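Structural overview for review
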Amino acid sequence: MTFAEKLITPGFDHRHLLGIEGLTAAEITYLLDLADGYVELNRRAGGKRDILDGLTVINLFFESSTRTRTSFELAAKRLGADVVNMSIAWSSIKKGETLLDTAMTLNAMHPDVLVVRHPDSGAVKLLSEKIKGSVINAGDGSHEHPTQALLDALTIRRRRGHLEGLLVAICGDISHSRVARSNIHLLATMGARVRVIAPPTLLPSKIEALGVEAFIDMKKGLEGCDIVMMLRLQTERMRGTFVPSTREYFRFFGLDRDKLQVAKPDALIMHPGPMNRGVEIDSELADDINRSVIREQVEMGVAVRMACLEALTAGLRQGEAET
Amino acid sequence: MTGSTPKHRTAYVGARLLDPASGLDSPGAVLVEDGRISDLGPELFTADVPEGIEVVDCGGQCLAPGLVDMRVQLREPGEEHKEDFDSASRAAAAGGVTTMVALPNTEPVVDDVAGVEFVARRAREVKLVKIFTYGSVTVGLEGREMTEFGLLSDYGALGFTDALQAVADAQVMRRALAYARVFDRPILQHPAEPSLSGGAMNGGELATRLGLSGVPAVAEVMMVERDLRLVELTGGRYHASHVSTAATVEVIRRAKARGLPVTADTAPHYFILNENAVGDYRTFAKVSPPLRSESDRQAVADGLADGTIDAIASDHAPHDQESKRLPFAGAEPGIVGLESLLALSLELSHKGAIGLLDLLRRLTLGPAEILGLKAGRLAKGAPADLVLFDAERPWRIDPDSFLSKSKNSPFEGHPVQGQVLTTVVDGRRIFDWDAA
């Protein structure tokens, strides 16, 4: 199928991409298939398409993040869009303009796609209700980070050929992790079995209701796993409130060879980055090219974001094609 | 292989064997080999004891597992003038206590691995009774940051407590209860709402007459009720220390009926004395929580009898004269209790409030089970930690003759029945009444 043929039968019929929760397996598969094509394109020297030529993408980041923002910027530029980066310190926003004021201001600039990251759960949805264009959630609080889950899924699918039936362990600060939540929704929808592993102080209440098995003993949780996904532990959490110290965390909940042993011998190690070496993951393991696919995840990230931009702008471009 | 070391074997014969775990209460004997109980029972050594075995004639006296005192303050490091590992161990031996668990409120606080290792090393050096420690729940006992429960547990901490003060912040307590689940350790709380616990004695008529600020009884149950909600939320194991009021006993009774993982202990002064012991500003009766009303005292005794309270712990709190010879409000709270623990506790069984075997359970198996210790049992293969005592022999408590460095006890002259005759740890006899 050519890209043009894919436009006519859109497999993603939403104006926004706010989260994975609520997407069907077919929709997820559609996005992954699209992204697959972009992985190949990106590997070709000079690979570029102009499908977003004339469209404006604004990266609206209320929370700093160089890597995600850069990934979105690259994705949009490779599709020929005009890209504007706006980094807004959320604190200064509070002094005057509200989030909705920002939305009104932006609407006046007619952005076609807004990529938004915000420290508060639900803030991106609020914005999306007021924006005329399409909104992609680049991470809202502890709620969702859909493109991360998609790139994680793509990484797994390309390595293993499928997602269904795999045993995936997500380890770390589940409580505060949007990456965990989006991944849980995606993997469960695609038929994978998901475990979360964390000290009880970092497990949210009733997490099992999301369709996962919770473990407070890391070795038990890692038994027989195909995929081990490590999450970053933020320093603020480490100082005696949720977890007494980094060395204790690493001893009982960090990924090292001893704990990894109980997983499948070819189990893959993933991490959304940036890593705290020696805290959640043994430094040497992170670099082990036979086990760690952390660098691949980054590569998949650009492809996935290109796919999302294409899928969300299908309607716009369809309209243009007809004129 | 050339000659192996001959096993040291001792037979304790003619004893009344008492083992709460199995319900054994019968005449019989115990054979100790290389520090362990290798055999016991009514059938053992009914004929003569074979050659090569040392014989100790127990004269029909009670032979029970050595006492496990789960709440003692050893004052070392930091206040060695009040007590140290040596004096406390000798006091324990005299009291029939073969295992004691120290609170972490020393100087420095036992809030890191070095502190736990210190206790283990000193216990090995003194080599009398077995000494374990708790880790503190919070760093420096400041009530804010959790200590490294995992590493401390690995090095031997049996549980976590902030000792003489409550973990007051609900979020801190919640996280502590949740986190401790990973390592299967209990959180032991000094249950007293701090903002209500500044008083010098129990709030009530006597405090009013004496012009002393009072701690209302509710200060204790409020904290226990709050904590039990957190237990329900987190599934963590909780232990209420030194229960002193009827209200608390009732709340714990109901919580246990609902299957919550809660345990409790109390000290002899809470089921023997009431606030009247304060009398004329007697600072030896100043203790935290304070001695309570007569109905509280009775409820605590009842709680022990029906098993709502799982353990009796001395809450041994040595203080020197300087700390006690002050106007009541300024005096340090605390009572020494290692040497009077058994005799005072026996009052309950002598009065018929509880059977002897059940009483001994509160002093041995009960605390051992709470802390996951291999102690408190007379069983084949168990360590030979024993106490031989005369349950009937009357004497009067005389703090001046205590082996402890400190003598702060309100029980001077108090008549008791029950005398420790011999204390054995890992097969070694560390106390003999006749030799003393």
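For clarity, every value in this text was computed on a predicted model and none was experimentally measured. (Residues numbered from 1 in each chain as written. Chains lettered and ligands numbered in written order. Predicted model: local features only at pLDDT ≥ 70, side-chain atom pairs only at ≥ 80, totals over all residues. Heavy atoms only, no water.)

1. Details of the side chain of Asp385 of chain B
Residue and element names in this part refer to chain B. Considering the arrangement of structural elements, one finds Asp385 in the loop between helix H13 (365-371) and strand S16 (386-396). Polar side-chain contacts of Asp385 include one of 2.8 Å to the side chain of Lys130. Discounting residues that sit within four places of it in the chain, Asp385 has contacts with Ala64, Pro65, Gly66, Thr98, Thr99, Lys130, Val424, Val425 and Asp426. (Helix = DSSP H or I, 4+ residues; strand = E, 2+ residues; numbered from the N terminus. Polar contact = N/O pair within 3.5 Å; in protein donor to acceptor, adjacent residues only side chain to side chain. Contact = heavy atoms within 4.5 Å.)

2. Side note on the interface of chain B and chain A
Of the residues lining the interface, 15 residues belong to chain B; the matching set on chain A comes to 16 residues. Summed over both sides, the interface of chain B with chain A buries roughly 1,400 Å², with 61% coming from carbon and sulfur. Area buried by chain B at its contact with chain A is led by Glu148, Arg175 and Tyr179 of chain B, which between them contribute 38% of it. Here chain B and chain A share two salt bridges between them. Its salt-bridge partner being Arg251 of chain A, residue Asp154 of chain B comes within 2.6 Å of it at the nearest N-O pair. Mapped by element, the contributors of at least two residues to the side of chain B that touches chain A are helix H3 (149-154) and helix H4 (170-180) of chain B. Here the side of chain B that touches chain A gets four residues from one element, more than from any other, and that element is H3 of chain B. Considered class by class, the residues forming the side of chain B that touches chain A number seven nonpolar, two polar and six charged. (Buried area = accessible area lost by both parts, 1.4 Å probe. Salt bridge = Lys/Arg side-chain N within 4 Å of Asp/Glu carboxyl O. Nonpolar A, V, L, I, M, F, W, Y, C, P; charged D, E, K, R; others polar.)

3. Thoughts on the sheet that holds strand S14 (residues 262-266) of chain B
Residue and element names in this part refer to chain B. Pairing is parallel in the open sheet, where five strands are placed in the order S9-S10-S13-S14-S15. With one partner strand each, in any of the chains shown, strand S9 (160-161) and strand S15 (311-312) form the two edges of the open sheet. Where strand S10 (residues 187-189) and strand S13 (residues 238-240) come together, three bridges link them in parallel fashion. Among the inter-strand pairings, Gln189 is bridged to a residue of S13, identified as Ala240. (Pairing = 2+ DSSP bridges.)

4. Some details on the packing of helix H11 (residues 341-350) of chain B against helix H12 (residues 356-363) of chain B
Residue and element names in this part refer to chain B. Between H11 and H12, the shortest axis-to-axis distance is 9 Å and the interhelical angle comes to 145°. Of the two elements, H11 crosses H12, and the hand of that crossing is right-handed. Here H11 contributes Leu341, Leu342, Ser345, Leu346, Leu348 and Ser349 to the contact with H12, which in turn contributes Leu356, Leu359, Leu360 and Leu363. Partitioning the contact of H11 with H12 into residue classes produces eight nonpolar, two polar and no charged. (Axes fitted to C-alpha atoms, helices over the stretch in contact; angles between N-to-C directions. Left-handed = near helix turned anticlockwise from the far one by under 90°.)

5. Concerning a nonpolar patch on the surface
Taken together, Leu196, Val218 and Met222 of chain B make up a surface patch of nonpolar side chains, about 230 Å² in accessible area. Topologically, Val218 of chain B is positioned in helix H6 (residues 218-234). (Patch = residues over 30% accessible without salt bridge, like charges linked within 9 Å, V, L, I, M, F, W, Y side chains within 5 Å. Areas by Shrake-Rupley, 256 points an atom, 1.4 Å probe, with all protein chains shown as cover.)

6. Brief notes about the sheet that holds strand S9 (residues 268-270) of chain A
Strands pair in a sheet through their backbones, by hydrogen bonds, and they do so in one of two ways: parallel or antiparallel. All names here are of chain A. Strand order across the open sheet formed by five strands is S7-S6-S5-S8-S9, with parallel pairing between neighbours. Two strands close off the open sheet at either side, each with one partner strand: strand S7 (212-215) and S9. Here the strands of the sheet are splayed against their neighbours by 20° on average, with no regard to which way each runs. Two elements, strand S6 (residues 193-197) and S7, share four bridges in a ladder whose sense is parallel. Counterpart to Ile197 in the pairing with S7 is Phe215.

7. Considerations on the layout of surface pockets
All names here are of chain A. Size it by volume and the largest pocket reaches roughly 670 Å³. Surrounding the largest pocket, 24 residues form its lining, Glu63, Arg117, Arg178, Arg232 and Gln234 being those nearest its centre. Every element with two or more residues in the lining of the largest pocket is listed here: helix H3 (66-78) and helix H8 (178-189). At three residues, H3 tops the list of elements feeding residues into the lining of the largest pocket. (1 Å grid on protein atoms, 1.4 Å probe; cavity = no way out; pocket = protein on both sides within 12 Å on 5 of 7 lines; lining within 4 Å. Points joined across faces, edges and corners; volume = space filled by probe spheres on them.)

8. Concerning H8 of chain A
Residues and elements named next belong to chain A. Taking 1.5 Å of rise per residue, twelve residues should cover 16 Å, and H8 covers 17 Å from first to last C-alpha, within 8% of that figure. In terms of burial, H8 is largely enclosed, as ten of its twelve residues are buried. Among all positions in H8, only Arg178, Val179, Ala180, Arg181, Ser182, Asn183, Ile184, His185, Leu186 and Leu187 are buried. Once H8 finishes, Gly191 follows within two positions and takes phi at roughly 85°, a positive value. (Expected span 1.5 Å × (residues − 1). Buried < 20%, exposed > 50% of the residue type's maximum accessible area, 1.4 Å probe, protein only.)

9. Some words on the pattern of salt bridges
Residues and elements named next belong to chain A. If you walk through the whole model with that rule in mind, you get 46 salt bridges over all chains. Between Glu40 and Arg158 there is a salt bridge; the shortest N-O distance is 3.2 Å. Residue Glu40 is located in helix H2 (residues 25-43), and its partner Arg158 is located in helix H7 (residues 146-160); the two are separated by 118 residues in the primary sequence. Residue class for Arg158 comes out partly exposed when judged on its relative accessible area of 31%. Put simply, Asp33, Asp36, Glu40, Arg157 and Arg158 are held in one network by salt bridges that share partners.

10. Concerning the packing of aromatic side chains
Any two aromatic rings considered together are summarised by their centre-to-centre distance and by the angle between their planes. In the structure shown here, the tally under the stated rule is six aromatic pairs over all chains. Consider the rings of Phe85 of chain B and Phe118 of chain B, whose centres lie 6.1 Å apart with planes at 90°: the pair is edge-to-face. A residue pair is termed long-range when its members are at least 10 positions apart, and Phe85 of chain B in helix H1 (residues 85-95) and Phe118 of chain B in helix H2 (residues 113-126) qualify at 33 residues. Centroid distance Phe149 of chain B to Tyr179 of chain B: 5.6 Å. Interplanar angle 45°. Geometry classified as tilted. Taken as a pair, Phe149 of chain B in helix H3 and Tyr179 of chain B in helix H4 lie far apart in primary sequence, 30 residues in all. For the pair Phe149 of chain B and Tyr179 of chain B, one class covers both residues: buried. Each member of the aromatic cluster is reached from another via a ring pair, and the members are Phe252 of chain A together with Phe149, Phe160, Tyr179 and Phe183 of chain B. (Phe/Tyr/Trp six-rings, centres within 6.5 Å; stacked < 30°, edge-to-face > 60°.)

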